[in-house]
Amino acid sequence: MKRFAKLVAICLSAMLLALVLIGCQDDSDGRLSSNEPAPSTASQPYTPEEVFRKLTGAGKMRLTVVYTETGDDGEAGISESAVVEKDGQLVKVTLQDNDEQNVYYYDLDAKLGYQTVGGEWESVSVAETVPDWVSCLQQAFTIQGMNERLEWLFSSNTYEPYDAKTGKCVMKSTEMTDYFGASWTDMTAYLMQSGDTYYLYMSTTDEYGTFSYKMSMEYTDISVTLPN
């Protein structure tokens, strides 16, 4: 069986980063949890394309991606996550690998990126490597190679029509089979809106264990302050 390939590194610039993405602990509000989203509490009709336009055009938002693989013995294996927070033209990216957390900041107006080197914050031009908001988003989409599947991921052709009862656009069974492969069972995949948050959730199980991928797009009042 062909397993999903684990992301090994993301290159932002020669000075900024090349590192392995993350295993992340659940937090109290479930935002950093791979658990399936709660049933929708508020939803309006939408299309996958509209979700993507809202994501790329956001002024303030938090994007969270959590990917996990759990073996058939219940032991956690691969676990990766990313949190990208946007406050106008200021962006904070939090990446974590097991117990190691890495935080990066971007000033998109000034085309500057910030990271710690030897315990001190340093800045470097990112005019070519991270020039805009979409390029910041790529750091989260790179998990499981979703940056190469955006057109598919946010296309109405990939999903059944919006269901007003659930707030979901459920992925077509043929698309799930094409993506996950025939050896997977109990496949679940959908886009969902709940209030000001959109979710992309995918989960499936085979004889080796369970895979889950959850993306939350939360439109809320985010504040980002650049490091000194």
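Each remark here, short or long, concerns the structure printed above.
Per chain, residues are indexed from 1 in the order of the written sequence. Only residues with pLDDT of at least 70 get local features here, since the model is predicted, and only at 80 or more are side-chain atom pairs given and counted; chain-wide, interface and lining totals rely on the full set of residues. Side-chain calculation: all heavy atoms of the structure are included, whereas hydrogens and water are not.

Draft legend 1. Structural view of the pairing of strand β8 (residues 120-125). Taken together, the six bridges between strand β7 (residues 112-117) and β8 define a ladder with antiparallel strand orientation. Note that in β8 the partner of Tyr114 across the bridge is Ser123. What sits between β7 and β8 in their antiparallel hairpin is a turn of two residues, with Gly118 showing a positive phi close to 60°. Here, any two strands with at least 2 DSSP bridges between them count as paired. We count a stretch as a helix when DSSP gives it H or I for four or more residues in a row; a strand needs E for two or more, and each element gets its number in order from the N terminus.

Draft legend 2. Inspection of unusual backbone geometry at higher detail. Residue Lys111 is not a glycine yet carries a positive backbone phi of 60°. Along the chain, Lys111 falls in the loop between β6 (100-107) and β7. For every residue, the accessible area obtained with a 1.4 Å probe (protein chains only) is divided by the maximum for its type, and the residue is called buried under 20%, exposed over 50%, and partly exposed between those limits. Overall, Lys111 belongs to the partly exposed group, its relative accessible area being 31%. Phi at Gln144 takes a positive value of approximately 60°, unusual for a residue other than glycine. With respect to the helices, strands and loops of the structure, Gln144 is situated in the loop between α2 (133-141) and α3 (150-153). Judged by its relative accessible area of 9%, Gln144 is buried.

Draft legend 3. Structural view of the pattern of salt bridges. Think of a salt bridge as a Lys or Arg side-chain nitrogen and an Asp or Glu carboxyl oxygen that are within 4 Å of each other. Enumeration according to the criterion identifies four salt bridges in this entry. In this structure, the salt-bridge partner of Asp87 is Lys60, at a minimum N-O distance of 2.6 Å. In this pair, Asp87 sits in strand β4 (residues 76-87) while Lys60 sits in strand β3 (residues 60-71), placing the two residues 27 residues apart along the sequence. Judged by its relative accessible area of 17%, Asp87 is buried. Measuring nitrogen to oxygen at the nearest pair gives 3.6 Å for the salt bridge that ties Lys60 to Asp221. Residue Lys60 is located in strand β3, and its partner Asp221 is located in the segment after β12 (209-218); the two are separated by 161 residues in the primary sequence. Look at the salt bridges and you will find they share partners, linking Lys60, Asp87 and Asp221 into a network.

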